[in-house]
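Each chain, written out:
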Amino acid sequence: QVQPVESGGGLVQPGGSLRLSCGASGRPSDPDTMAWFRQAPGKEREFVAAISWTGAAYYGDSVKGRFTTSRDNTKNALFLQMNSLKPDDTAVYYCAATSGGGTRSKYEYDYWGQGTQVTVSS
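In short, a report on the structure. Everything quoted here is computed from the prediction, not taken from an experiment.

Notes on the sheet that holds strand β3 (residues 18-24)
Sheet strands line up and pair through hydrogen bonds in the backbone, either parallel or antiparallel. Strand order across the open sheet formed by four strands is β1-β3-β8-β7, with antiparallel pairing between neighbours. One side of each edge strand has no neighbouring strand; the edge strands of this open sheet are β1 (4-7) and β7 (67-72). When the angles between neighbouring strand axes are averaged without regard to direction, this sheet yields 15 degrees. Summarising the sheet, β3 and strand β8 (residues 77-82) pair through six bridges and their orientation is antiparallel. Looking at β8, one finds that Ser21 is bridged to Phe79.

Structural data, given as structure tokens:
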């Protein structure tokens with residue numbers, strides 16, 4: 001059973017940086033895709049970034065150029081480096097995983113963490 005667990009959330013000022021981590025107890029398959037989504041109060045869960053087993057990454061338009069995702073396959077770990085944070089980035093951030101190639105759709109991901117809160121405020 002694959003169980004992602006996120007860590008690294010917190011309170012940060014606008015313009016600041018934060019690094020999220022996600023550790024998984026296993027992998028859905030070989031290959032797989034891991035991703036980050038976020039959900040703000042009263043809003044739909046939104047795609048943030050995804051990365052394939054080979055390291056190919058793609059991003060949502062709202063975070064492109066500011067966020068970078070990476071993974072360590074030897075540790076089943078996923079990371080999200082967030083720079084130039086804005087108040088609009090405030091949300092619960094979720095780690096997700098799926099077999100094979102992933103997409104930007106939350107419906108394609110089978111395994112989800114509990115989420116970690118990120119708050120951007122002065």
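A look at the pattern of salt bridges
The tally for this structure, following the rule as stated, stands at six salt bridges. Note that Glu46 and Arg38 form a salt bridge whose closest N and O atoms lie 2.8 Å from each other. Residue Arg38 pairs with Asp89 through a salt bridge whose shortest N-O separation is 2.9 Å. In this pair, Arg38 sits in strand β4 (residues 32-39) while Asp89 sits in the loop between β8 and β9 (91-99), placing the two residues 51 residues apart along the sequence. The class for Arg38 is buried, based on a relative accessible area of 5%.

Topic: the pairing of β4
Of all the eight residues making up β4, seven are buried; the element is thus mostly covered by neighbouring parts of the structure. Bridging between β4 and β9 involves eight bridges; their strand directions are antiparallel. Bridging across to β9, Arg38 finds its partner in Tyr93. Following β4, the chain reverses through six residues before pairing antiparallel with strand β5 (residues 46-52); Gly42 in that reversal takes a positive phi of roughly 75 degrees.

Considering unusual backbone geometry
Of note in this structure, Asn76 is not a glycine but carries a positive phi near 50 degrees. Within the secondary structure layout, Asn76 lies in the loop between β7 and β8.

As for the state of the cysteines
Per the counting criterion, the structure on display carries one disulfide. With a sulfur-sulfur separation of 2.1 Å, Cys22 is cross-linked through a disulfide to Cys95. One quick way to see it: the torsion about the S-S bond of Cys22 and Cys95 is about -75 degrees, and its sign makes the bridge left-handed. Placement of Cys22 in strand β3 and of Cys95 in strand β9 is noted, with a sequence separation of 73 residues between them. Given a relative accessible area of 0%, Cys95 falls into the buried group.

Rules used throughout
Along each chain, residues carry numbers from 1 onward, in the same order as the chain's sequence is written. Thresholds applied to this predicted model are a pLDDT of at least 70 for local features of residues and 80 or more for the giving and counting of side-chain atom pairs; totals over whole chains, interfaces and linings are not thresholded and use all residues. Side-chain metrics rest on all non-hydrogen atoms present in the structure, leaving aside hydrogens and water. We call two strands paired when DSSP finds no fewer than two bridges between them. Runs of E in the DSSP output that reach at least two residues are strands. Runs of H or I that reach at least four are helices, and both are numbered from the N terminus. Angles shown run from 0 to 180 degrees and are taken between the N-to-C directions of axes, each axis being a line fitted to C-alpha atoms and, for helices, limited to the stretch in contact. Between Lys or Arg on one side and Asp or Glu on the other, a salt bridge is scored when a side-chain nitrogen of the former is within 4 Å of a carboxyl oxygen of the latter. For every residue, the accessible area obtained with a 1.4 Å probe (protein chains only) is divided by the maximum for its type, and the residue is called buried under 20%, exposed over 50%, and partly exposed between those limits. Cysteine sulfur pairs qualify as disulfides if the two atoms are within 2.5 Å.

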